[in-house]
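So you can see what is in the structure, the chains are spelled out below.
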Amino acid sequence: MKKPLFIGSAVAIVTPFTDNGVNYQTLKELIEFQIKGGSDAIVICGTTGEASTMPDDEHIAVIKFAVEAINKRVPVIAGTGSNDTRHAIELSKAAEEVGADGILSVTPYYNKATQKGLYEHFKVIANNVKIPMVLYNVPSRTNLNINPETVKALSQIDNIVAIKECNLGQVGDVVNLCGEDFAVYSGDDNTVLPMLSLGGKGVISVMANIIPQDTHNMVDRFFQGDTKGAIKLQLQTLNLIKALFSEVNPIPIKAAVNLLGFKAGHCRMPLTEISENNLEFLRTEMKAYKLL
């Protein structure tokens, strides 16, 4: 049996930047906010953390800082994906060396590998580390899907333990093919409950950056048998989610974190500032949610 890295809600945490690097003081504050808010794991240096704009030394330094700040209170899952397999191996090994509990590896983007290529890519990364690995399937960003049959083949590798899945239409097939001990996590905040109802184990969440307790509670209530309570929370979040995805992630969530009073700074280029109209939309929905 494979042990899941977590069951519940993991936050895909933003990386707070200054003009010269990372704002580690704010990162520490955000980590404490997440742990106090009930997040069951923290994903550092993922898409929401803008890892694609971080040079390797900074990328690993941020993972190391998170590992030390969290100090085993919850699992730390490090984003170490790349469309260059050798680079992904290097990042994954470095994350393991600094103490990450697991790695999150995204489907290679731009190259557009075959399903055989995807299998070989993820297999060789997994074989170069001992810590658990979570696949990340996000076709809207990579223009490539990990087919359920490929997920099944990968699930048979000992330390590939889960997938962050953004293709809701294939979740049932993945669960049927891979079995209950292979964890499927929702990668979309607006379909957490549908994913759980098909056998998912939780969510890797963007909205948890600002509503960690509600995101945790949504999943927890479902597993405690309070389906109505879980559905109520999911429905309650939908308008806020629309605002948080009014522009490409992580532009709105970083603006939202700043609105909460954290000094998260700006997104790095090529991402730009949120538009005035969408900032007002975001502010309105955060007020409606009683966050402001």
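Analysis parameters
- Residues numbered from 1 in each chain as written.
- Predicted model: local features only at pLDDT ≥ 70, side-chain atom pairs only at ≥ 80, totals over all residues.
- Heavy atoms only, no water.
- Axes fitted to C-alpha atoms, helices over the stretch in contact; angles between N-to-C directions.
- Helix = DSSP H or I, 4+ residues; strand = E, 2+ residues; numbered from the N terminus.
- Left-handed = near helix turned anticlockwise from the far one by under 90°.
- Contact = heavy atoms within 4.5 Å.
- Nonpolar A, V, L, I, M, F, W, Y, C, P; charged D, E, K, R; others polar.
- Buried < 20%, exposed > 50% of the residue type's maximum accessible area, 1.4 Å probe, protein only.
- UniProt positions renumbered as here; feature names shortened; annotations may be inferred.
- Parallel < 35°, antiparallel > 145°, perpendicular 65-115°, else oblique.
- Polar contact = N/O pair within 3.5 Å; in protein donor to acceptor, adjacent residues only side chain to side chain.

1. Examining the packing of helix α6 (residues 148–155) against helix α7 (residues 171–178)
- Put simply, α6 and α7 touch, their axes get as near as 9 Å, and they point 35 degrees apart. In this structure, the crossing between α6 and α7 has a hand that is right-handed. Mapping the contact onto sequence places Pro148, Glu149, Val151, Lys152 and Ser155 in α6 and Asp173, Val174, Leu177 and Cys178 in α7.
- For the contact of α6 with α7, the class distribution of residues is 5 nonpolar, 1 polar and 3 charged.

2. Remarks on unusual backbone geometry
- Each neighbour pair has its own omega, and for Asn249 with Pro250 the value is 15 degrees, a cis peptide bond.
- One non-glycine residue, Cys45, lies in the positive phi region at around 60 degrees.
- Turning to its location among the elements, Cys45 is positioned in the loop between β2 (41–44) and α2 (56–70).
- Taking the relative accessible area as the measure of exposure, Cys45 reaches 2% and is therefore buried.

3. A look at the environment of Leu135
- By the secondary structure assignment, Leu135 is in strand β5 (residues 133–137).
- Here the alpha-carbon distance between Leu135 and Ser155, two residues 20 residues apart in the chain, equals 9.6 Å.
- Once residues within four sequence positions are removed from consideration, Leu135 is found in contact with Leu104, Ser105, Phe122, Ile146, Leu154, Ile160, Ala162, Ile163 and Lys164.

4. Some points on the UniProt feature "binding site: pyruvate" (unreviewed entry) in the chain
- Residues annotated in UniProt with the feature "binding site: pyruvate" (unreviewed entry) correspond here to Thr48 and Ile204. Spatially, the listed residues are clustered: although they cover 157 residues, their C-alpha atoms lie within 10.5 Å of one another.
- With respect to the element layout, Thr48 can be found in the loop between β2 and α2.
- For Thr48, a relative accessible area of 3% puts it in the buried group.
- With residues up to four places along the chain from it excluded, the contact list for Thr48 reads Ala12, Ile13, Val14, Thr15, Val206, Asn209, Asn249, Pro250 and Ile253.
- Note that Ile204 resides in strand β8 (residues 202–205).
- Note on Ile204: relative accessible area 2%, which makes it buried.
- If near-sequence neighbours (up to four positions away) are discounted, Ile204 is found in contact with Phe6, Ala10, Ala12, Val43, Lys164, Tyr185, Ser186 and Gly187.

5. Let's talk about the packing of helix α3 (residues 85–97) against helix α4 (residues 115–127)
- The interhelical angle for the contact between α3 and α4, taken along N-to-C directions, is 25 degrees, at an axis separation of 9 Å. When the axis of α3 is compared with that of α4, the two are roughly parallel. When you trace α3 past α4, the crossing you get is right-handed. Residues Thr85, Ala88, Ile89 and Ser92 of α3 touch α4, and the partners they reach there are His121, Val124 and Ile125.

6. Section: the UniProt feature "active site" (unreviewed entry) in the chain
- As annotated in UniProt, the feature "active site" (unreviewed entry) corresponds to Tyr136 and Lys164 in the numbering used here. What stands out for the annotated residues spanning 29 residues is how close their C-alpha atoms remain, the widest pair being 4.7 Å apart.
- Structurally, the position occupied by Tyr136 is in strand β5.
- Owing to a relative accessible area of 6%, Tyr136 belongs among the buried residues under this scheme.
- Residues contacting Tyr136, with those up to four places away along its chain left out, are Thr47, Leu104, Ser105, Val106, Thr107, Ile146, Lys164 and Cys166.
- Its place among the elements puts Lys164 in strand β6 (residues 160–165).
- With residues up to four places along the chain from it excluded, the contact list for Lys164 reads Leu104, Val134, Leu135, Tyr136, Asn137, Tyr185, Ser186, Gly187 and Ile204.
- A polar side-chain atom of Lys164 sits 3.5 Å from a polar atom in the side chain of Tyr136.

7. Concerning the side chain of Asn23
- Along the polypeptide, Asn23 turns up in the loop between β1 (8–12) and α1 (24–36).
- Judged by relative accessible area, which is 17%, Asn23 ranks as buried.
- A distance of 3.0 Å separates a polar atom in the side chain of Asn23 from the backbone nitrogen of Thr26.
- Beyond its immediate stretch of four places on either side in the chain, Asn23 contacts Pro16, Phe17, Thr18 and Lys263.

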